[in-house]
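Survey of secondary and tertiary structure
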Amino acid sequence: MPQDADAKSEERPKPSRSKTQARETSPQWFTTPQPIRRLFDKFPLRIYSLNELPQRSPRNRENNTLWIFTTNEGAQLGAPSFNPGCLKWQAYMIFKGIDFVPISSNNHASPTGALPFLLPASSTKNPLEAVLPIPSTRIERWVREKKVNTEKTGRPPDEGLEAKNQHVEASVSTKQKSTSKESSDMRYEAYMSLLNYRIRNAYLYSLYLSPPNFASIVLPLYVNPSTSNTLARVALSHQLRAAAETELLKQSPTIDVEATYRDCDKAFEALSELLGDDEFFYGEEVPGLFDASVFAYTHVLLDEDLDWKHTRLREGLEQYGNLVEHQKSIVEGWFGDNASGRSRSHKKA
């Protein structure tokens with residue numbers, strides 16, 4: 001039976017040449033119809049010149065630029081941001097000696113819809129060849145890779161504040177640093193959760209859901225600079241309050257204000273015990289990412305330029321002198337006279 005089947009298959013006639021040619025020349029789905037093709041042949045493609053960058057975009061791309069919440073005056077002076085999420089990375093890059101230019105911005109200018117983001121320096125003026133922006137979730141990795149590449153290539157480090165911590169870093173061996181980080185990995189995650197949840201929750205409620213603080217801080221610093229339209233300001237205010245409430249309700253079905261503040265007080269107490277008599281956390285001689293994370297909240301709460309009406313969080317923080325000294329040490333040692341770069345005119349807005 002198998003042989004008979006094979007024999008029959010060999011006796012099948014082959015398709016004629018005309019049919020094969022017809023199949024090869026038959027229209028395909030992806031081919032452009034002749035009428036459409038002739039129409040476009042009459043209108044050749046015209047390439048327009050590239051649009052210019054926005055007026056406020058940095059023309060000198062030789063510098064790294066960090067886009068953060070700050071005022072125009074604060075950006076010019078390099079003052080600390082009034083937003084904890086931005087201040088964390090602003091301080092961290094300063095600690096690591098990365099030279100950058102702060103840019104006053106808002107969430108609408110961010111590729112990810114949130115600040116901060118970093119635009120690394122570029123040697124080309126062609127926008128198509130410019131480097132891609134780096135979101136906050138990748139800034140630490142970018143800084144680490146930049147430092148490693150600098151050490152491998154032997155190129156001189158960034159100017160700016162690099163000289164300030166060079167003599168300190170020279171006194172701490174790489175082995176000592178790695179041992180300290182390895183022994184504190186578990187503690188690091190535990191204490192970081194205090195910042196990301198307990199302290200952040202209390203901060204969100206105090207800033208966005210407390211009417212006095214919303215009127216004295218959020219409106220002049222976040223809402224009014226974004227738009228001059230009254231209806232748009234009302235809508236944006238509602239969005240900010242709703243977003244804060246949604247974040248708090250993720251932790252609990254209801255918002256218990258007193259419990260939120262008590263948890264924040266316990267978090268401050270735990271951080272105070274962790275810091276102890278050291279100048280910086282984990283006994284490091286140079287502040288690191290955790291110091292920047294703590295400073296991001298303590299400075300915003302203690303900043304005299306911010307018109308806090310409801311001072312419950314500030315009063316709770318001031319009970320721990322070493323945390324206050326930690327904030328002052330960073331301000332004086334790493335921001336200097338630029339720490340008070342915001343104009344007090346926002347209080348009148």
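On a predicted model such as this, the values are computed, not experimentally measured, just so you know.

When pLDDT is averaged across the protein, the result is 79; 66% of the residues are at 70 or more. pLDDT under 50 marks residues 17-27. Its contacts with residues more than four places away, or in other chains, come to one contact. Confidence over residues 156-180 falls short of pLDDT 50; this stretch has 34 contacts with residues more than four positions distant or in other chains.

Before going further, it helps to spend a moment on the packing of helix α13 (residues 289-302) against helix α15 (residues 321-335). In the contact formed by α13 and α15, the axes pass within 9 Å of each other and the chain directions differ by 100°. Classified by the interaxial angle, the pair formed by α13 and α15 is roughly perpendicular. Mapping the contact onto sequence places Asp291, Phe295, Thr298, His299 and Leu302 in α13 and Val324, His326, Gln327, Ile330, Val331 and Phe335 in α15.

A sheet is described by the order of its strands in space; here four strands give the open sequence β2-β1-β3-β4, paired in mixed fashion. On the outer flanks of this sheet lie β2 (100-104) and β4 (134-135), each paired with one strand and no other. Pairing of strand β3 (residues 117-119) with β4 involves two bridges; the strand directions are antiparallel. Bridge assignment links Phe117 to a residue of β4, and that residue is Pro135.

Next up on the list: the side chain of Asn213. Mapped onto the elements, Asn213 comes out in helix α10 (residues 211-223). On the accessibility criterion, Asn213 (0% relative accessible area) is buried. Within polar-contact distance, the side chain of Asn213 engages the backbone oxygen of Ser206 at 2.9 Å. Excluding residues within four positions of it along the chain, Asn213 makes contact with Ser206, Leu207, Val218, Trp308, Lys309 and His310.

Attention shifts here to the environment of Leu219. In this structure, Leu219 sits in helix α10. Measuring from C-alpha to C-alpha, the distance between Leu219 and Arg233 comes to 8.5 Å, with 14 residues separating the pair along the chain. Excluding anything up to four places from it in sequence, Leu219 contacts Phe214, Asn224, Pro225 and Ser237.

Conventions used here
- Residues numbered from 1 in each chain as written.
- Predicted model: local features only at pLDDT ≥ 70, side-chain atom pairs only at ≥ 80, totals over all residues.
- Heavy atoms only, no water.
- pLDDT = per-residue confidence, 0-100.
- Contact = heavy atoms within 4.5 Å.
- Axes fitted to C-alpha atoms, helices over the stretch in contact; angles between N-to-C directions.
- Helix = DSSP H or I, 4+ residues; strand = E, 2+ residues; numbered from the N terminus.
- Parallel < 35°, antiparallel > 145°, perpendicular 65-115°, else oblique.
- Pairing = 2+ DSSP bridges.
- Buried < 20%, exposed > 50% of the residue type's maximum accessible area, 1.4 Å probe, protein only.
- Polar contact = N/O pair within 3.5 Å; in protein donor to acceptor, adjacent residues only side chain to side chain.

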